[in-house]
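# Architecture and fold: a report
Chain by chain, the residues:
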Amino acid sequence: MSDPFRLPAQGPVQAYQTFSVRSRSDRMIKTVCEKVGCAAWRLGWESVIDETTDLGRAQAQYIRTQSGRTFREQKTATGQTVFRFESGQRCFAEHQTRPELYLVRDGDHRGNPTGQKRQHANAADWVDHMQEELGRFNEDRRRG
């Protein structure tokens, strides 16, 4: 893999900070439908249940009394029950994603001269930090 294109640095490495978002390839966490772009969450879905079986009766009972989801129910000509779920609610799948790490370190691609690193707890804090730094940079630039 070739090195990325970089413009020549305009200052010493100490004058830079690097903001990055990474994820660990060896770790997965449970997450909500919206974060993984779940089609059932976005569009809604149907579950066809055969209530002539023990499993089907248990599934239908769960949907009606414990699922906490909004649905419409109808019977088909073959005697199956169709539960139509509206969009915007959690589906029945267990979604997983890789957690993101919001990182800031001193320096740039040439190195980290101070060794200082910081991991923000969430994206909002990381964005706030970056905006503060950009504000300082713009103010310094405006002053000349």
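Keep in mind it's a predicted model, so treat the numbers as computed, not measured.

## What to know about the side chain of Thr31
As for its position among the elements, Thr31 is in strand β2 (residues 29-31). In this view, Thr31 contacts Val36, His95, Gln96 and Thr97; residues no more than four positions away in its chain are not counted.

## Some words on the pairing of strand β3 (residues 45-49)
Within a regular strand, side chains alternate between the sheet's two faces. By the alternation rule, side chains of β3 split into Trp45, Ser47 and Ile49, which are all buried, and Glu46 and Val48, of which none is buried. As paired strands, β3 and strand β5 (residues 81-85) are joined by five bridges and run antiparallel to one another. The residue bridging Ile49 from the neighbouring strand is Thr81, located in β5.

## Description of the packing of aromatic side chains
Tallied over the full model, the rule gives eight aromatic pairs. When the ring of Tyr102 is compared with that of Trp126, the centres are 6.1 Å apart and the planes differ by 50°; the resulting orientation is tilted. Here the residue Tyr102 occupies a position in strand β7 (residues 100-106), and Trp126 occupies one in helix α4 (residues 123-143), the gap between them amounting to 24 residues. Neither Tyr102 nor Trp126 differs from the other in exposure class; each is buried. Three or more aromatic residues link up through ring pairs in this structure, and these residues are Trp45, Tyr62, Phe71, Phe83, Phe85 and Phe92.

Calculation notes
Residues numbered from 1 in each chain as written. Predicted model: local features only at pLDDT ≥ 70, side-chain atom pairs only at ≥ 80, totals over all residues. Heavy atoms only, no water. Helix = DSSP H or I, 4+ residues; strand = E, 2+ residues; numbered from the N terminus. Contact = heavy atoms within 4.5 Å. Buried < 20%, exposed > 50% of the residue type's maximum accessible area, 1.4 Å probe, protein only. Pairing = 2+ DSSP bridges. Phe/Tyr/Trp six-rings, centres within 6.5 Å; stacked < 30°, edge-to-face > 60°.

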